[in-house]
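Residues per chain, in single letters:
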Amino acid sequence: MGSLRSFIKSVRKAKTIADERAVIQKESAAIRTSFRDVSLDQTTRRINISKLLYLYIMGEKTHFGQVECLKLLASPRFADKRLGYLACMLILDENQEVLTLLTNSLDNDMQHHNAYIVGLALCCLGNIASPELARDLYTNVETIIDSKNNFLRKKACFVAAKLVEKEPDLSEFFLPKALDLINEKNSSVLLGTLRLIEALYYVSSENKSALTKTIPKIVGHLKRVTTMGYQPDYDVMGTTDPFLQVSLLSAIRTLAIDLPFSEEINDILTQVVSNLDSGKNAANAILYECVKTIFAIQSDQSLKILGVNILGKFLATKDNNTRYVALDTLLSIVNIEPLAVQRHRSTIVNCLTDGDISIKRRALELSFGIINEQNIRVLAREILTFLEECNDQELKSYVTSQLTIAANKFSPNDKWHYDTLVRTLKAGGNALTPDIISNMLALILQCNDQELKKHVVSKLFSSCLQDESQFGLALVTIWTLGEYGDMILGSTVEVGDKPEQVTEAKIVDLFDELLDNSTYSRQEHIQLTAYVLTSALKLSVKFKSSQVIERLRRIINSKTYDSNLEIQIRAVEYQEIFGQDAALKRGLLAKMPAPPIKERESLKLHKTGNSHKRNEGGSGGGGATAGISTNSTQDDLLLDLIDTDDAPATANNDILSDIFGDSNKNTTSQVANSSAQKGIVAFENSNVKVSFVPRQFVHGDATVEAIISSKTPSKIDQFQLLIAVPKTQKLHITSTSGGDSLIYNQNQIRQVLKISGQPGSKLKLRIKLKYRVDGGGGLVEDQFDFAGFKQTL
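Residues numbered from 1 in each chain as written. Predicted model: local features only at pLDDT ≥ 70, side-chain atom pairs only at ≥ 80, totals over all residues. Heavy atoms only, no water.

Within an unreviewed UniProt entry, the label attached to the protein reads AP-1 complex subunit gamma, and the organism entered is Candida parapsilosis. In its Sequence similarities (unreviewed entry) section, the UniProt record describing the protein reads: "Belongs to the adaptor complexes large subunit family." (UniProt positions renumbered as here; feature names shortened; annotations may be inferred.)

In structure tokens form, the structure reads like this:
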């Protein structure tokens, strides 16, 4: 066997994947054979373990070397122990059964006379501790905390924090230690102590009263550090011990989050901010921690304004990381201090033109966050300019959705509202979702001002004449012309700075041009044709010219032999109606009543990360999404589409208690009844039907099966299913059965979803479907929300 260096060279020399696989398999076999040798020396074992770690880095199987890693720990040599503990931390985790064999080695090494070996053992215990290991070895950690070696005491405090998180009952042993160690002035020991205090605070509410009494001492430490002179051992770019300052601020934020206003804490925060020279990363890290603390605790108004101004300075820097942090934090506090954030509106808007996509996204979301009645005109103009220049379909979809919501909420007058919607249609292209289009149509229907309605229809007509490639604009224009096309006859519209008179023939010309347009996908063309047929039928009772009416009849007749069955059926039905008595037709084709406008929830472009228990001064949580296929980056947008807070609901359903006969568990099991087992239809259109079968609902966990079937004789392939849940829930999705193709009345695609969350909360899903119909060029996309489960988690 060769050395690790020669093994790495052999892997890198491989010219093909097959050659690389052969080298790896040969070396893995040699390592296995070597491990079987009972007389294997420690040097060879160490070489084998180092190769094993390289295999682990490459994602290969390494379970066969777990016991050998433990054998390496038995060596008295420091080099062997160092590699052995590193291998244990990487290859093992708390769920491995072999972990029990590690207890003795850890116990011996934590009592070793060499401080560096003790440090290795502590580091390993902190990384892979299980509740059993925590209970077995906590006394060793206690002993080390009481020692005089500050290097080991710091490590022991960090490990104690991990042990307490694994086994909360151990807090009674470590709480007195933490209360005693907070009096230490050594920087490294204080760092470990603060970490232990935060862990103790979160694992048990009984510890909170004792730990909050340490706040004056923590404030005293922070005051001491900020006023301390130059310390060469702890200075980072002119800032004294930034790591300790950040930890002290984090501890204050943790302990004081539920406490009333404290003058002492507000004073020290002001002092820290005033003593720092911003512009350097070390100082910016402390300032950022100060801002988070200001907005997490009960602080006065002036301090909050100061916090927003600090973030404004971050926005003005050239460093993209600093600007990103500022935008991300402003997003979390915009609802707390909207006026203070408004002062930095111009800086935020300037970020929309930044080349960094992450900054652009955060700036977009923040721009929508600060929109109000006073600035809607300015911000909408800037956002529309951004939309017109944007080539990212994800961002365009988000912007059109959010701009529609903002215009509905804050529009200064109806004319501005409709003009903005028309401009959104012109700039949005194919990014407009069906619900946005339906909302726009509902708004036009609800308009009672006939002159304003005439203006909107004229604006849509002229915009569509200028650019026929915008699918959303074409769809809305065709629909409004069918309802109100007679209103604009004889008026003048501008098309490319040239005035043109609106005539019946001009409207029908537009229909013909849209039907012949080749820029639309197959599915878009089908939908557009359906709208044109309906509009043509409606206009047949409103137009006067017999020649134009005949052209409308020919449009309908031409589609009676269309290859799409839905279009063909619609055309045949309309052909029958077209030939009916005029009085009957007028009754059938009367103007539609105005439907209600559905309220839409604001979307989020990103996931706001948050520790599982920590409050960082802003809301946040982990979203979850999974899918059959994710072959484009735009699918990642589903990750945070849902941002709802699920309040626990009372379960009024009929439930079967202890369905599995486990009398030791106090859980409630909810099982779907026989009708539910057949499936709840969540979505269907002319192409596909999606049903959900609730298989099992047990205290906080649910198992649901998704069933997708075809509704069209056309073949459906490249099917993708993307599912998102609220941030308060987690989703695990299994592999699909049934492939990615659907054939009418022949097969189905099935997917099992497992969702976990707060017991009693309502299960909500956001589903996005992507598929291709009949081998067409583009993918069809459908998106819907579903919360129709009777059971709760």
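So much for the structure itself; the text now carries on.
(A) Representation of the packing of aromatic side chains within the structure. Within this structure, the stated rule accounts for 12 aromatic pairs. Measuring from centroid to centroid gives 5.8 Å for Phe-368 and Tyr-398, while their planes differ by 80°, and the two rings are edge-to-face. Placement of Phe-368 in helix H21 (residues 357-369) and of Tyr-398 in helix H23 (residues 393-410) is noted, with a sequence separation of 30 residues between them. Residue Phe-368 is classed as buried on the basis of its relative accessible area of 11%. Take Tyr-398: its relative accessible area is 2%, and that puts it in the buried class. Measuring from centroid to centroid gives 4.7 Å for Phe-683 and Phe-784, while their planes differ by 5°, and the two rings are stacked. Of the two residues, Phe-683 sits in strand S7 (residues 680-684) while Phe-784 sits in strand S14 (residues 780-786), which places them 101 residues apart along the sequence. Each of the two residues, Phe-683 as well as Phe-784, counts as buried. (Phe/Tyr/Trp six-rings, centres within 6.5 Å; stacked < 30°, edge-to-face > 60°. Helix = DSSP H or I, 4+ residues; strand = E, 2+ residues; numbered from the N terminus. Buried < 20%, exposed > 50% of the residue type's maximum accessible area, 1.4 Å probe, protein only.)

(B) Representation of the pattern of salt bridges. Tallied over the entire structure, the rule returns 31 salt bridges. Among the salt bridges present, the one from Asp-785 reaches Arg-766, with a minimum N-O distance of 2.4 Å. Of the two residues, Asp-785 sits in strand S14 while Arg-766 sits in strand S13 (residues 765-773), which places them 19 residues apart along the sequence. If you follow the salt bridges from partner to partner, you end up with Arg-45, Glu-68 and Lys-71 in one network. (Salt bridge = Lys/Arg side-chain N within 4 Å of Asp/Glu carboxyl O.)

(C) Local environment of the nonpolar core. Within the largest apolar cluster, 136 residues are counted, with the highest numbers of intra-cluster contacts made by Leu-106, Leu-125 and Val-141. In terms of residue count, the dominant contributor to this core is helix H11 (residues 187-203) (10 residues). Excluding residues that lie within four positions of it along the chain, Leu-106 makes contacts with Tyr-85, Ala-121, Cys-124, Leu-125, Leu-133 and Leu-137. Listed in part, the 60 residues of the second largest apolar core include Leu-441, Val-457, Phe-511 and Leu-533. (Core = buried A, V, L, I, M, F, W, Y, C linked by side-chain atoms within 4.5 Å. Contact = heavy atoms within 4.5 Å.)

(D) Inspection of a nonpolar patch on the surface at higher detail. Taken together, Tyr-56, Ile-57, Leu-86 and Leu-90 make up a surface patch of nonpolar side chains, about 370 Å² in accessible area. Secondary structure elements with two or more residues in the nonpolar patch: helix H3 (42-57) and helix H5 (78-91). Inspection of the secondary structure assignment puts Ile-57 in helix H3. (Patch = residues over 30% accessible without salt bridge, like charges linked within 9 Å, V, L, I, M, F, W, Y side chains within 5 Å. Areas by Shrake-Rupley, 256 points an atom, 1.4 Å probe, with all protein chains shown as cover.)

(E) Local environment of the pairing of S14. Judged by which residues are buried, S14 turns out to be one-sided: Val-780, Asp-782, Phe-784 and Phe-786 face inward and are buried, whereas Glu-781, Gln-783 and Asp-785, on the alternate face, are not. Relative to S14, S13 is paired through seven bridges, and the arrangement is antiparallel. Bridge pairing in S14 places Lys-768 opposite Gln-783. (Pairing = 2+ DSSP bridges.)

(F) Looking closely at the side chain of Asn-517. Within the secondary structure, Asn-517 is located in the loop between helix H28 (504-515) and helix H29 (522-539). By relative accessible area, which is 13% here, Asn-517 ends up buried. A distance of 2.5 Å separates polar atoms of two side chains, one belonging to Asn-517 and the other to Thr-519. Setting aside residues no more than four positions away along its own chain, Asn-517 makes contact with Glu-468, Ser-469 and His-525. (Polar contact = N/O pair within 3.5 Å; in protein donor to acceptor, adjacent residues only side chain to side chain.)

(G) Layout of the state of the cysteines. One pass over the structure, following the stated rule, counts zero disulfides. Looking at the unpaired Cys-88, the closest cysteine sulfur is the one in Cys-124, lying at 5.2 Å. (Disulfide = S-S within 2.5 Å.)

(H) Quick peek at the pairing of strand S10 (residues 716-725). Within S10, nine of the 10 residues are buried, leaving the element largely enclosed by the surrounding structure. Alignment of S10 against S13, held across seven bridges, turns out to be antiparallel. Bridge pairing in S13 places Ala-724 opposite Arg-766.

(I) Layout of the packing of helix H8 (residues 131-145) against helix H10 (residues 171-181). Where H8 meets H10, the closest approach of the two axes is 11 Å, and the angle between their N-to-C directions is 15°. Judged by the angle between their axes, H8 and H10 are roughly parallel. Our pair here, H8 against H10, has a crossing hand that is left-handed. Every residue of H10 that contacts H8 at Tyr-138, Val-141, Glu-142 and Ile-145 is listed here: Phe-173, Phe-174, Lys-177 and Leu-181. (Axes fitted to C-alpha atoms, helices over the stretch in contact; angles between N-to-C directions. Parallel < 35°, antiparallel > 145°, perpendicular 65-115°, else oblique. Left-handed = near helix turned anticlockwise from the far one by under 90°.)

(J) Region of interest: helix H15 (residues 263-274). End to end, H15 covers 17 Å across 12 residues, agreeing with the expected 16 Å (1.5 Å per residue, within 8%). For H15, every residue scored as buried is listed here: Ile-265, Asn-266, Ile-268, Leu-269, Val-272 and Val-273. The buried residues of H15 occupy an angular sector of 165° when projected down its axis, which confines them to one face. In the core, the buried residues of H15 are packed alongside helix H13 (215-227), helix H14 (242-255), helix H16 (281-296) and helix H17 (301-315). (Expected span 1.5 Å × (residues − 1). Arc of directions from axis to C-beta.)

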